[in-house]
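Below are the chains, spelled out letter by letter.
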Amino acid sequence: MNNILGKRDNETDFEWEVRLNVGKVDREVPYVDYDWKEIVDILGTDVHYDTQRKSAYRDKKWVEYVNQKKINNVSQETLDEINEKLLEIKKEKVKFRDERNETNRQIRSLARIENIIDLLKESIYELSYEKPMLSKLNIKEESSGKDGLLCLSDLHIGLETYNSVNEYNIEIAKERLKRVIEKTITYGNKSNIDKLHIILNGDLISAELHNSIKLSNAESLTRQIVLASEIVAECIYELSKHFYCCVQHNLGNHEAVDILKDDRSNRNNYSMIINEMLKLRLKDNDNVMFVNSINNYEMTVSRIKNLNVISAHGDQVTLNKCSEQLEMATGVKPDLIILGHYHKPMMMTHYDTEIYVNGSLVSTDDYAYKKKLYNPPSQLLLILDDYGVESSYILKV
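Conventions used here
- Residues numbered from 1 in each chain as written.
- Predicted model: local features only at pLDDT ≥ 70, side-chain atom pairs only at ≥ 80, totals over all residues.
- Heavy atoms only, no water.
- Helix = DSSP H or I, 4+ residues; strand = E, 2+ residues; numbered from the N terminus.
- Buried < 20%, exposed > 50% of the residue type's maximum accessible area, 1.4 Å probe, protein only.
- Contact = heavy atoms within 4.5 Å.
- Areas by Shrake-Rupley, 256 points an atom, 1.4 Å probe, with all protein chains shown as cover.
- Axes fitted to C-alpha atoms, helices over the stretch in contact; angles between N-to-C directions.
- Parallel < 35°, antiparallel > 145°, perpendicular 65-115°, else oblique.
- Left-handed = near helix turned anticlockwise from the far one by under 90°.
- Nonpolar A, V, L, I, M, F, W, Y, C, P; charged D, E, K, R; others polar.
- Phe/Tyr/Trp six-rings, centres within 6.5 Å; stacked < 30°, edge-to-face > 60°.
- Lys NZ or Arg CZ within 6 Å of the ring centre and 35° of its normal.

1. Examining the overall build of the protein chain
Link 1 in the chain: The helix and strand inventory of the protein chain stands at 10 helices and 13 strands.
Link 2 in the chain: Buried positions account for 47% of the 397 residues belonging to the protein chain.
Link 3 in the chain: Once local pairs closer than 6 in sequence are excluded, the contacts in the protein chain between residues at least 24 apart make up 68%.
Link 4 in the chain: Within the structure as shown, the protein chain displays about 21700 Å² of accessible surface, and the carbon and sulfur contribution to it stands at 49%.

See below:
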């Protein structure tokens, strides 16, 4: 029982009963959360709960009458003060109710995502048995002192677009990713890298963020999640045949459960499902390790060679301020920042921090075509040594 419902000091039994009755009738929190039978049990009265309910409405009328008599003897100035206080109380009640509703909504969303993960586990185990993704641990005899960093982002699996400068669908996405993997293997072997850091940097699926995107989607949301998870898992599997792979996964804005930007929470994001599916799919692969992200998949902080590397999708930072923003959010001064989101490959520096922005696998979709924006499909590969970025490749596909 909530302590507010208990009998207060210097409160008579009659006053206690009136307070509970009127609070329940007025649907005040927490009184409204208890039914009349529970109110009777709390008061310990020997009456039927219907009798208690009927007496409550009489109590309410009596309280209103007494309050009105008091008001008639109060000055206007005092009345104004009382009304102002009442308004503040009402605002707090509305704020509390909204916060409670929002909390309940987030709990429902999170429970739904966790339930989906549980439902998918058995199917993924069966798929892993039928189509295993196994690689024996690949240990190099001599270190080259170099690592590779491959950024895969803005794949928008499930999106279809056809215009005068670009076509995109599931099969084209697979072909473009195949060329990304082939080029990564070629450049990785050329540089004799010790390991490959794979950053899954958000927007792996198209999802249903806007109505215009819904119209461009050829696949349902569920199908997009399953397809993206399997396609990306196959990419990692192919790379693991050649390199030891450290996988980072950050959420994107397109994977958000909530459509409205102000309603979005990092905890309510379909990236959680994709990440769990990838881990389950590749769990028996000795050449793949998953790196933990922070703040519910928003970003990842890692130490690669002698560099502090921070990766994030990019929708929650400002491009020209991202160095300070990410340092504030992580407590780590970044040497290298990897972003996606902008669908345009870029490189810039902010003091001694280097910032690389990935392109997109999609290229020009319907939205970009209307804005007359065009960038060829590409992904980003960096070769790192102890001094920083030795070479960078925009993998045009």
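2. Examining the packing of helix 5 (residues 170-190) against helix 7 (residues 221-240)
Link 1 in the chain: Between helix 5 and helix 7, whose axes approach to 10 Å, the crossing angle comes to 20 degrees. By the criterion of interaxial angle, the relationship of helix 5 to helix 7 is roughly parallel. Judged by the sense of rotation from one axis to the other, the crossing of helix 5 with helix 7 is right-handed. Residues Ile170, Lys174, Leu177, Ile181, Thr184 and Ile185 of helix 5 form the contact with helix 7, whose participating residues are Leu227, Ile231, Cys235, Glu238 and Leu239.
Link 2 in the chain: Classifying every residue of the contact of helix 5 with helix 7 by side-chain character gives 8 nonpolar, 1 polar and 2 charged.

3. So, the packing of aromatic side chains
Link 1 in the chain: This model, assessed by the stated rule, comprises 2 aromatic pairs.
Link 2 in the chain: Aromatic side chains phenylalanine 14 and tryptophan 62 sit 5.7 Å apart centroid to centroid with 75 degrees between the ring planes, which places their arrangement in the edge-to-face category. Remark: tryptophan 62 occurs in helix 3 (residues 49-72) and phenylalanine 14 occurs in helix 1 (residues 13-25); sequence separation between them is 48 residues.
Link 3 in the chain: For phenylalanine 14, a relative accessible area of 48% translates into the label partly exposed.
Link 4 in the chain: On the numbers, 4.0 Å between centres and 15 degrees between planes, the contact of tyrosine 187 with tyrosine 393 is stacked. Here tyrosine 187, found in helix 5, pairs with tyrosine 393, found in strand 13 (residues 388-396); they are 206 residues apart in sequence, far enough to count as distant.
Link 5 in the chain: Cation over ring: lysine 24 sits above tryptophan 36, and NZ or CZ is 5.9 Å from the ring centre.

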